[in-house]
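Notes for the structure review
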Amino acid sequence: MNKKLVSILILGVISFMLALPVSASQNVSEGIQPRVQECGRCGKMSLHVVKCGSRTSTAEVDCGHGLPFGSDAVKKTYTIYQYKCSNCAYGSSTWEKCTNTEIKCGGYYPN
Ligand SMILES: [Zn+2]
Ligand SMILES: [Zn+2]
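Throughout, residues of each chain are indexed from 1 in the direction in which the sequence is written. As a convention, the first chain written is A and the first ligand written is 1, with the rest following in written order. Only residues with pLDDT of at least 70 are given local features in this predicted model, and only at 80 or more are side-chain atom pairs given and counted; all residues enter the totals for whole chains, interfaces and linings.

Focus on the overall build of the protein chain
Spelled out, the test is: Every helix listed is a DSSP run of H or I at least four residues long, and every strand listed is a run of E at least two residues long, numbered separately from the N terminus. Once C-beta atoms are placed from the backbone, each residue is buried if 20 or more other C-beta atoms lie within 10 Å of its own, exposed if 12 or fewer, and partly exposed for counts between those two.
Counting its secondary structure elements, the protein chain contains one helix and four strands. Secondary structure elements in the protein chain, listed N-terminal to C-terminal, are α-β-β-β-β. Each of the 111 residues in the protein chain was classed as buried or not, and the buried ones make up 3%.

A closer look at unusual backbone geometry
The phi dihedral of A89 falls on the positive side, at around 65°, and the residue is not glycine. Summarising the element assignment, A89 is placed in the loop between β3 (71-85) and β4 (95-104). Taking the C-beta count within 10 Å as the criterion, A89 has 9 such neighbours and is therefore assigned exposed.

Structural notes on the sheet that holds β3
This is how it is decided: By definition, two strands form a pair when at least two bridges between them are found by DSSP.
If you trace the four strands from one edge of the open sheet to the other, you get β1-β2-β3-β4, paired in antiparallel fashion. Only two strands of the sheet have a single neighbouring strand rather than two, namely β1 (36-37) and β4. In this sheet, strand β2 (residues 47-62) lies alongside β1 in antiparallel orientation, the contact comprising two bridges. Looking at the pairing, Q37 lines up with L47 of β2.

Remarks on the pairing of β2
Every other side chain in a regular strand lies on the same face of the sheet, so the side chains alternate between the two faces. By the criterion of burial, β2 is predominantly exposed, with just one of the 16 residues buried. Relative to β3, β2 runs antiparallel, the two being bridged by 15 bridges. By the bridge assignment for β3, H48 is matched with K84.

Overview of the environment of K104
Here is the rule we go by: Residue pairs are scored as contacts if the distance between their C-beta atoms, which are placed from the backbone, is within 7 Å.
Secondary-structure assignment places K104 in strand β4. Of the residues examined, K104 has 10 C-beta atoms within 10 Å and is grouped as exposed. Measuring from C-alpha to C-alpha, the distance between K104 and E60 comes to 9.7 Å, with 44 residues separating the pair along the chain. Beyond its immediate sequence surroundings of up to four residues, K104 is in contact with D72 and A73.

Description of the confidence of the model for the protein chain
What counts is decided by this rule: Scored from 0 to 100, pLDDT records how confident the predictor is in each individual residue.
Confidence in the prediction for the protein chain averages 82 pLDDT; 69% of positions are at 70 or higher. This model gives residues 20-30 a pLDDT under 50, and the stretch forms zero contacts once residues within four places in sequence are excluded.

Some points on the environment of S57
Position of S57 among the secondary structure elements: in strand β2. Considered as a pair, S57 and T77 are 20 residues apart in the sequence and their alpha carbons are 6.6 Å apart.

Some details on the pairing of β4
Within β4, only zero of the ten residues are buried, which leaves the element largely exposed. With nine bridges connecting them, β3 and β4 associate as antiparallel partners. Counted as the bridge partner of T79 is K97 from β4.

Comments concerning the environment of S54
Within the secondary structure, S54 is located in strand β2. C-beta crowding within 10 Å serves as the criterion here: with 13 such atoms nearby, S54 is assigned to the partly exposed category.

So, in structure tokens, the structure goes:
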């Protein structure tokens, strides 16, 4: 009876050890964070990612189309995200992600 119990225990430990690295590597390869997280302030699972705005930035860069003069206007749109708690109205610091890039070519050949 005791011997059977020990072997079951060992089997359980081995399968646990085998399963652990697999699930850990899956999480890393997917790189997806859970949509709902625990709120650091109230401790409830009610922390959601929300979009809280967007901004655009423009920059002049050398023409990337092989034209010798002029420059390209690169307009990037960033979406701003934030963690917000629906229980206690906590809001985390924000981060942004580039969601659109528009390039307007201003390059030209000399006359
Ligand atoms: Zn909260
Ligand atoms: Zn160009």
